[in-house]
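The residues making up each chain are set out below.
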Amino acid sequence: TVRVFGKGRRERYVPFGKKAEEALHDYLQEARPKLLKEGVESTALFLNNRGNQLSDRSIRKIVEKKIQQTAVQKKISPHAIRHSFATHLLNGGADLRTVQELLGHQSLKTTQIYTHVSKERLYTVYKHTHPRA
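Along each chain, residues carry numbers from 1 onward, in the same order as the chain's sequence is written. Local features in a predicted model are, by the rule used here, given only for residues with pLDDT of at least 70; side-chain atom pairs are given and counted only at 80 or more, and totals for whole chains, interfaces and linings are based on all residues. Only heavy atoms go into the side-chain values, all of them from the structure, while hydrogens and water stay out.

(A) Structural view of the pattern of salt bridges. A side-chain nitrogen of Lys or Arg and a carboxyl oxygen of Asp or Glu constitute a salt bridge if their distance falls within 4 Å. Considering all chains together, one arrives at 4 salt bridges under this definition. We note a salt bridge from E11 to R3, for which the minimum N-O separation is 3.6 Å. For E21, the salt bridge identified is with K18, shortest N-O distance 3.9 Å. Of this pair, E21 and K18 both sit in helix α1 (residues 18-35), 3 residues apart, which is roughly one turn of the helix. E21 gets classed as partly exposed once you look at its relative accessible area, which sits at 41%. On the accessibility criterion, K18 (54% relative accessible area) is exposed. We count a stretch as a helix when DSSP gives it H or I for four or more residues in a row; a strand needs E for two or more, and each element gets its number in order from the N terminus. Residue exposure (1.4 Å probe, protein chains only): buried if accessible area is under 20% of the type maximum, exposed if over 50%, otherwise partly exposed.

(B) Seen up close, the pairing of strand β1 (residues 2-5). At least two bridges found by DSSP between two strands is the condition for calling them paired. One ladder, built from 4 bridges, connects β1 with strand β2 (residues 11-14); its direction is antiparallel. When the bridges of β2 are listed, F5 appears paired with E11.

(C) Representation of the packing of aromatic side chains in the model. Aromatic pairing here means that ring centres of Phe, Tyr or Trp (its six-membered ring) are within 6.5 Å. Orientation follows from the plane angle: under 30 degrees is stacked, over 60 is edge-to-face, and everything else is tilted. Per the stated rule, a full pass over the model turns up 1 aromatic pair. Aromatic pair Y27 and F46: ring centres 5.2 Å apart, planes at 40°, arrangement tilted. Residue Y27 is located in helix α1, and its partner F46 is located in the loop between α1 and α2 (56-70); the two are separated by 19 residues in the primary sequence. Judged by its relative accessible area of 15%, Y27 falls in the buried class.

(D) Quick look at unusual backbone geometry. Notably, R9 is not glycine yet its phi reads approximately 60°, a positive angle. Considering the arrangement of structural elements, one finds R9 in the loop between β1 and β2.

Below, the structure is given as structure tokens:
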């Protein structure tokens, strides 16, 4: 896991898999040194093409550009990807509290509104957990 800070500098821990580790290693070895201005040190992990800290707005633009390049005639937003992430977790059996933590929501109500559970998932949980199902 890695520690991240969300809105309002709220801290949380999120999973950090092997592929992410490899990509980060490659970035640190190859790309970041090329982005860093000569003689300048930066504590920022991710840098833009000018050697400055990559802003959240810049990250959003990058994600939106990649979505446009790959989403054939579909309107997809970074928020839709986040929503799909939560839905897949719930449909895969994750409990609402875990999804709340992964999304960084303070209130469980926010997570309940943000996600939806498919009818198939409701039926499966009912069949496997209710004593009279």
